[in-house]
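Notes for the structure review
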Amino acid sequence: MARGHLRVMLGAAPGVGKTYAMLEEGKRLKALGKDVVVAVVETHGRAATAAMLEGLEVVPRRTVEHRGVELTELDLDAVLARAPQLALVDELAHTNAPGLENAKRWEDVDAMLAAGIDVMSTVNIQHIESLNDVVEQITGVQQRETIPDAVLRRADQIEVVDLAPQALRDRLAEGVVYPAARVDAALSNYFRLGNLTALRELALLWLADEVDSALQQYRAEHGIAGKWEARERVVVALTGGPEGETLLRRGARIAARSAGGELLAVHVTSQDGLREATPGALAAQRALVEQLGGSYHQVVGSDIPQALVEFARGENATQLVIGVSRRSRLAALLTGPGIGATVVRESGDIDVHIVTHSRAGGRFSLPRPRGGLTTRRQVYGFLLALIGGPLLTLVLVSMRSGESMTADVLSYQLLVVVVALVGGIWPALFAALLSGLTLDYFFVAPLYTITIAEPLHLLALILYMVIAALVSLVVDQAARRTRAAQRAAAEAELLATVAGGVIRGEDALQALVTRTREAFALTGVRLLDGDEVVSTDGEPADSAHTQRIAVGDRGTLELSGRDLEAADRRLLAAIVAQLDAALEHRELAATASELGPLAEADRVRSALLAAVGHDLRRPLAAATAAVTTLRQRDLALSDGDREALLETAEDSLDGLATLVTNLLDVSRVQAGVLGVSLAPTELEDVIPAALEELGLGPAKVELDLAETVPPVLADGVLLQRVLVNLLGNALRFSPDGRPPVIAASEFGGTVQLRVVDHGPGIPGERREAVFLPFQRLGDTDNDTGIGLGLALSKGFAEGMGGTLEAEDTPGGGLTMVVSLPAATTPAAPTPATPTTEETP
């Protein structure tokens, strides 16, 4: 019997619509005439999912008793006996109740497939075995039900049922996924926007890897060797040298430019083992590859360029990154083209990036101010004269005749010009003298003697050497001008790079110091402002080989390495002037930063004075009027009047005391001198105290506290003040019949205390402003204080190492969330029979 086909609906989280999509597809196939049954479906109380079961045949479940509890599971025998064409099986990773023939539901599915039944199933990304630890790091929730990767990879078809994270949160807030009692806890824990985004990315990447594996298998089966650019794959060639880190970071940037780009690093080991790299360097570069999200590979091959290209083609690479050769020009001349040139020639349609690095020469290294031609060229000139002269003589002597004298002289003249072009004046003069003597010895009668019998011969030899000197002078002058132009261009590039770095936001001092070290090929550069080290680059300064340059009246520039020459100092003077200006700018910025807090303090002081003049005047005036009335003996006051006046005075003085206390607390918070005493604090001690302070009974506030909430690391007095302020605001804005809610839950070592109201809420653009001192929503009610409550609450929460944030209440309103570290994190209880969708 032919094996059945498995089709899996893969989701990033519960509630994205996997079961709904499976049932919808089942109904579509049934309408086309296929025999479809529902083997097992978990609706989780969702009306839309339950409605999709209408019109589909459902196989009755099997009842199993476990520890006195009746559980219903998929009836495998009934499905096999029914033998439909397609069976719909929900929650592939589900764990069956103890006592059944199969421990896992996927094993039941495997039995159906073996019987020739096609199966359509669902699974969430968090239940894949290889991703279990990654999901736990993201969500803080350990998944107890997993499915082996191999089972899922054997599926004939895998489809992602995708839903945007915010859309899923909206669906959750509407009560579509979970009952209303579980919505707030789910939104603040498992269903955070960041968690959902990460899980969604994980699901898409996992499926992309599956697609990639299928593509590789298809290409192998059909013998396709050419690259298919489905996405960017960047291969970085590592030699084990110090340039490896530069190449890896460049490759990572190239891969990051395209969505789903992949980074691969490869090191080619020779078969004879004679060109092994430093193991320590390769180990460090391998660790860097993993940090950059890439993979490390090592291959063996005698032909390094060919091995690199073959590896890149085998991985379907689109880009290949290699470093500039560290060989000298002479080595390249003697040994032929290097690895880079060979890789470029053999790469075909793979793009090759040859990246420069420090071992291939400084980025802004300036040409040294010396003679027009380098010492190396002068040596080459002398070698050419010593080797070319005898060879030319051997050839001319073999063809010597009475009429060949003119050709002989011109041949030696050509040799002198060539030597002058290569090595300059001194090799040219040497070649002229040597060739003149050779001409006299071998070609001027009497032969084989160095005798100048004719004055014309002496004049010819002198003219011969003058011509050589003039040609060499022209060559040397051209070389000097070329070097001067190169140096001017390098200086302009250096200054432009420094200026550009500052404009792009780089630290001006660090950019100048770094470029100075690179430009003058120094081992280290350090900038000091007095005794303070402001910026440094390169190796530490060696006092025995350190030059110190004064930078205005402020600092000193220390240069370690070679001694600078006169031409270098001209450019250095321009850099020193820029350093002086940068130091001055640094001092001005420091002064401005010191003035910033003073300006802020002045603003707070002005607001404080305004608040004192406006809000403190009312309770003072009320208390004064009440006391003055009581003191007037000529007024006949009843006992009720006296009681009312005393109550007015008492309320006014209590309000005045509260305002003064809040003002002092705000001052301490802004001055950073808030006294905090952290200790494990039980919420069940703080919440009742806050309710009692506000005089609230059970009908005024609704409590929704988790059964196991660990104590928080907090200051009990400050936490009570925070809760009182937040509850006071929630009570003020809550509509009649909908009291505020206090909820508490623990997630990932953090306890969240939520104060929920169903009032008008706060517009998004004002969320941050409400936490500033002297801010009130509306500012029209003179009985709501001076706008310090939320500012104090936020300051107290942050002082205890926590946070205070404002969120929208599902259905309208405002939720204030106080997050504090848990003093202990108790282990979560293990349910007797876990259900896949219920894990969050």
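Topic: the overall build of the protein chain
Secondary structure summary: the protein chain contains 25 helices and 24 strands in total. Look at the contacts in the protein chain between residues 6 or more apart in sequence, and 72% of them connect residues 24 or more apart.

Overview of the nonpolar core
Core analysis: the biggest nonpolar cluster contains 61 residues, and Leu 88, Val 89, Met 112 and Ile 125 have the highest contact counts within it. At six residues, the largest contribution of residues to this core is made by helix α9 (residues 193–221). Every residue in contact with Leu 88, bar those within four places of it in the chain, is listed here: Met 22, Leu 23, Gly 26, Val 36, Val 37, Val 38, Ala 39, Val 40, Leu 56 and Met 120.

Some words on the packing of helix α15 (residues 375–398) against helix α17 (residues 425–443)
Here α15 crosses α17 at 15°, and the two axes come no closer than 9 Å. The pairing of α15 with α17 is recorded here as roughly parallel in orientation. Here the hand of the crossing between α15 and α17 comes out right-handed. Residues Gln 378, Gly 381, Phe 382, Ala 385, Leu 386, Thr 393, Leu 396 and Val 397 of α15 lie in contact with α17, whose contacting residues are Trp 426, Pro 427, Phe 430, Ala 431, Leu 434, Thr 438, Phe 442 and Phe 443. The residue makeup of the contact of α15 with α17, split by class, is 12 nonpolar, four polar and no charged.

Considering the side chain of Arg 7
Tracing the backbone through its elements, the reader meets Arg 7 in strand β1 (residues 6–11). Looking at Arg 7, its side chain comes within polar contact range of the side chain of Glu 25, at 3.1 Å.

A look at the sheet that holds strand β15 (residues 532–538)
An order of β15-β14-β17-β16 is seen for the four strands of this open sheet, with the pairing classed as antiparallel. Each of the sheet's edge strands pairs with one partner strand only, and the pair in question is β15 and β16 (546–551). Between one strand axis and the next, the sheet turns by 15° as a mean value, whatever way the strands run.

Some remarks on the pairing of strand β5 (residues 69–73)
Pairing of strand β4 (residues 62–66) with β5 involves five bridges; the strand directions are antiparallel. Paired with Val 64 across the strands is Leu 71, a residue of β5. Linkage of β4 to β5, two consecutive antiparallel strands, is achieved through a turn of two residues, within which Arg 67 is found at a positive phi near 55°.

Structural notes on the packing of aromatic side chains
Where two aromatic rings form a pair, the distance of their centres and the angle of their planes describe that pair. For the coordinates displayed, the defined rule picks out four aromatic pairs. Between Phe 382 and Phe 430, the ring centres sit 5.6 Å apart and the planes meet at 55°, which makes this aromatic pair tilted. In this pair, Phe 382 sits in helix α15 while Phe 430 sits in helix α17, placing the two residues 48 residues apart along the sequence. Members of the aromatic cluster, each reached through a chain of ring pairs, are Tyr 441, Phe 442 and Tyr 448.

Considering the environment of Glu 159
Along the chain, the position of Glu 159 falls in strand β8 (residues 157–160). The partly exposed category is assigned to Glu 159, whose relative accessible area is 22%. Distance from Glu 159 to Met 9, taken between C-alpha atoms, is 5.0 Å for residues 150 residues apart in sequence. Leaving out residues up to four positions away in the same chain, Glu 159 has contacts with Arg 7, Val 8, Met 9 and Leu 10.

Overview of the pattern of salt bridges
For the structure shown, the criterion picks out 18 salt bridges. A salt bridge links Glu 159 to Arg 7, with the nearest nitrogen and oxygen atoms 2.5 Å apart. In this pair, Glu 159 sits in strand β8 while Arg 7 sits in strand β1, placing the two residues 152 residues apart along the sequence. For Asp 35, the salt bridge is made with Arg 82, and the minimal N-O distance between the two is 2.8 Å. Here the residue Asp 35 occupies a position in the loop between α1 (18–31) and β2 (36–40), and Arg 82 occupies one in helix α3 (residues 76–82), the gap between them amounting to 47 residues. Overall, Asp 35 belongs to the partly exposed group, its relative accessible area being 25%. Put simply, Arg 7, Glu 25, Arg 28 and Glu 159 are held in one network by salt bridges that share partners.

Examining the pairing of strand β24 (residues 814–821)
For β24, the tally of buried residues reaches seven of eight residues, placing the bulk of the element in the interior. The pairing of strand β22 (residues 750–756) with β24 spans seven bridges and is antiparallel. By the bridge assignment, Leu 753 is partnered in β24 with Val 818. Relative to β24, strand β23 (residues 803–808) runs antiparallel, the two being bridged by six bridges. Note on β24: the bridge partner recorded for Ala 806 is Met 816.

Observations concerning the sheet that holds strand β3 (residues 57–58)
Read from one edge of the open sheet, six strands run β3-β2-β6-β7-β1-β8, paired in parallel fashion. This sheet does not close on itself; its edge strands, each paired only once, are β3 and β8. Judged from the four bridges that link them, β2 and strand β6 (residues 86–89) form a sheet pairing that is parallel. Bridge pairing links Val 37 to Ala 87 in β6.

What about the environment of Glu 73?
Mapped onto the secondary structure, Glu 73 falls in strand β5. Taking the relative accessible area as the measure of exposure, Glu 73 reaches 2% and is therefore buried. Residues Glu 73 and Pro 60 lie 13 residues apart in sequence; the distance between their C-alpha atoms is 9.3 Å. A distance of 3.2 Å separates a polar atom in the side chain of Glu 73 from the backbone nitrogen of Ala 97.

Brief notes about the packing of α15 against helix α16 (residues 405–423)
At a minimum axis distance of 8 Å, the contact between α15 and α16 shows a crossing angle of 165°. The orientation of α15 with respect to α16, classified from their angle, is roughly antiparallel. Judged by the twist between their axes, the crossing of α15 over α16 is right-handed. On α16, the residues touching Arg 377, Gln 378, Tyr 380, Gly 381, Leu 384, Ala 385, Gly 388, Gly 389, Leu 392, Thr 393 and Leu 396 of α15 are Asp 408, Ser 411, Tyr 412, Leu 415, Val 418, Val 419, Leu 421, Val 422 and Gly 423. A class-by-class count of the residues in the contact of α15 with α16 yields 11 nonpolar, seven polar and two charged.

What to know about helix α5 (residues 132–139)
Listing the buried residues of α5 in full gives Asn 132, Val 135 and Thr 139. Along α5, the residues classed as buried sweep out an arc of 65° about the axis, all on the same side. Just past α5, the residue Gly 140 takes up positive phi, approximately 80°.

So, how was this worked out
Residues numbered from 1 in each chain as written. Predicted model: local features only at pLDDT ≥ 70, side-chain atom pairs only at ≥ 80, totals over all residues. Heavy atoms only, no water. Helix = DSSP H or I, 4+ residues; strand = E, 2+ residues; numbered from the N terminus. Contact = heavy atoms within 4.5 Å. Core = buried A, V, L, I, M, F, W, Y, C linked by side-chain atoms within 4.5 Å. Buried < 20%, exposed > 50% of the residue type's maximum accessible area, 1.4 Å probe, protein only. Axes fitted to C-alpha atoms, helices over the stretch in contact; angles between N-to-C directions. Parallel < 35°, antiparallel > 145°, perpendicular 65-115°, else oblique. Left-handed = near helix turned anticlockwise from the far one by under 90°. Nonpolar A, V, L, I, M, F, W, Y, C, P; charged D, E, K, R; others polar. Polar contact = N/O pair within 3.5 Å; in protein donor to acceptor, adjacent residues only side chain to side chain. Pairing = 2+ DSSP bridges. Phe/Tyr/Trp six-rings, centres within 6.5 Å; stacked < 30°, edge-to-face > 60°. Salt bridge = Lys/Arg side-chain N within 4 Å of Asp/Glu carboxyl O. Arc of directions from axis to C-beta.

Just geometry here; none of it tells us what the structure is for.
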